[in-house]
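Chain by chain, the residues run as shown.
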Amino acid sequence: MTMPVRRATAISCSNIAFIKYWGNRDPELRLPWNDSISMNLSNATTLATVTFDDALGDDVVVIGDEEVGGAARRRVVAHLDRVRAMADITTPARVVSRNSFPMGTGIASSASAFAALSLAATAAAGLTLSERELSCLARLGSGSACRSVPAGFAWWQAGTSHETSYAVQLAPPDHWDLRDLVVVVSTQHKAVTSAEGHSLAPTSPFFHQRLADLPTRLAMVRRAVLERDLETLGQALESEAIELHLIALTSRPPLHYLTPATLQVIHAVQTWRAEGLPAYFTLDAGPNVHLICETPYADELRTRLSSLPSVKEVIANAPGPGVRLVDTP
Ligand code: DP6
């Protein structure tokens, strides 16, 4: 079936996980072993435009200013194929995706990229999905992308099937004026993808212990977000970040993401906290640190972070909106 040229643009925030997604029960469907909880990042966005056009010979994928091939293109084309199957079309597409933040900053670009791509592609294909359906679709592109679909704070319920694994809003963006200061200590591209990390996670002897302990921590983080309890959230955040890396370090083969600079920032945060500055760290699968604090302390923390010799950049984020359509630029 041929159709006229159809175009849509969507914007999505990336997100930072308070409770991490690490390990897939079903890697094809990206059904995780555990629920996770996150906050959308207001200053870390992807803008994606999808144009379905029969005049195109093949799919074209542009990320930043460059047309990409290889694995990056295949991953986007596989996602377009999912949307084409849903819309019952075969039309090739041009995808142009641009991040507001540089790669290698420790901000998950796949989360914002696949949330924005899911909405732009389905809208361009003439489909209207519910938030739940969109979250399920985004999850197939990148697990953490399902959490970027709802606004503010999101809770990804692991589920047991494609239709039951999606994120819902835990609280809207204006519920809590939290800040995530992304502390960039390295801009090197990571050598190990999160997909590899997910597949190795169950080889750690601590993996199943973590799963057994998680329901308590999930309930604690959920309550801490709802009650705006930074101390409880912060303690859970730090334990969770350390456990992610404990599992990575004890996977077979082990995955080393941390560097001396990561530990320097963590030690500084602990010292500042002892001095009365309430801030807590979390980490993703990389060396950069995310500092979670409340607004009144954000400027002081930012100044102190910027004075550390290992810190290259600090990117401040508030709780961000959900994925949405915008006018095509
Ligand atoms: C450590 O969502 O990047 O950031 O599904 O393979 O794209 P894929 O993995 P991805 O994994 C995120 C891992 C994490 C923790 C988290 O965001 O929950």
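Scope of this entry: the structure provided in the associated data block. Throughout this document, residue positions are counted from 1 along each chain, in the order its sequence is written. Only residues with pLDDT of 70 or above have their local features reported here, since the model is predicted, and side-chain atom pairs are shown and tallied only from 80 upward, although totals for entire chains, interfaces and linings are computed over all residues. Excluded from the side-chain calculations are hydrogens and water; all other atoms, namely the structure's heavy atoms, are used.

What follows concerns the state of the cysteines. Only a pair of cysteine sulfur atoms within 2.5 Å qualifies as a disulfide here. Under the definition given, this model contains zero disulfides. Cysteine 146 provides the cysteine sulfur closest to cysteine 136, a residue in no disulfide bond, and the two sulfurs are 8.0 Å apart. Exposure classes here rest on a 1.4 Å probe applied to the protein chains alone. A residue is buried below 20% of its type maximum, exposed above 50%, and partly exposed in between. In this structure cysteine 146 comes out as buried when scored by relative accessible area, which is 0%.

Moving on to the nonpolar core. To define a nonpolar core, start from buried Ala, Val, Leu, Ile, Met, Phe, Trp, Tyr and Cys residues and group those joined through side-chain atoms within 4.5 Å. Counting residues in hydrophobic clusters, the biggest one holds 40 residues, and the most contacted among them are Phe18, Trp22, Phe153, Leu178, Val221, Val225 and Leu233. Those elements that place two or more of their residues in this core are strand E1 (6-19), strand E4 (36-52), strand E9 (166-171), strand E10 (178-184), helix H5 (207-226) and helix H6 (230-249). Here a residue-residue contact requires only that any non-hydrogen atoms of the pair lie within 4.5 Å. Phenylalanine 18 has contacts with Ile37, Ser38, Met39, Phe153, Leu178, Val221, Val225, Leu233, Leu237, Glu240 and Ile292, leaving out every residue within four places of it along the chain. By size, the runner-up hydrophobic cluster in this structure holds 30 residues, among which are Ala10, Val61, Ile89 and Ala138. Only DSSP runs of H or I covering at least 4 residues are called helices, and only runs of E covering at least 2 are called strands; the numbering of each starts at the N terminus.

This next bit is on the side chain of histidine 290. Looking at the element boundaries, histidine 290 is found in strand E12 (residues 289-294). On the basis of relative accessibility, which here comes to 1%, the residue histidine 290 falls in the buried class. We define a polar contact as two N or O atoms separated by no more than 3.5 Å, with the added condition that, inside protein, one atom must be a possible hydrogen donor and the other a possible acceptor, whereas residues neighbouring each other in sequence contribute only through side-chain atom pairs. Here the side chain of histidine 290 touches aspartate 180 through a polar contact of 2.8 Å, side chain to side chain. Residues in contact with histidine 290, not counting those within four places in the same chain, are Ile16, Gly106, Asp180, Leu181, Val182, Tyr280, Phe281 and Thr282.

In this section: helix H3 (residues 131-141). Across the eleven residues of H3, eight count as buried, placing the element largely inside the fold. Along H3, the positions that sit buried rather than exposed are Leu134, Ser135, Cys136, Leu137, Ala138, Arg139, Leu140 and Gly141. Tucked into the core, H3 has its buried residues touching strand E3 (31-32), helix H1 (70-87), helix H2 (109-124), strand E8 (153-157) and E9.

Bringing the pairing of E4 into the picture now. A large share of E4 lies buried, amounting to 14 of its 17 residues. Pairing between two strands requires that DSSP report at least two bridges joining them. Looking at chain direction, E1 and E4 are connected through 13 bridges and run antiparallel. Directly across from asparagine 15, in E4, lies its bridge partner asparagine 40. Two strands pair when backbone bridges link them, and E4 and E8 are joined in this way by four bridges, in the antiparallel orientation. In the sheet register, serine 36 faces E8, and the bridge partner there is tryptophan 156. Pairing of E4 with strand E7 (residues 93-99) involves seven bridges; the strand directions are antiparallel. When the bridges of E7 are listed, phenylalanine 52 appears paired with alanine 93.

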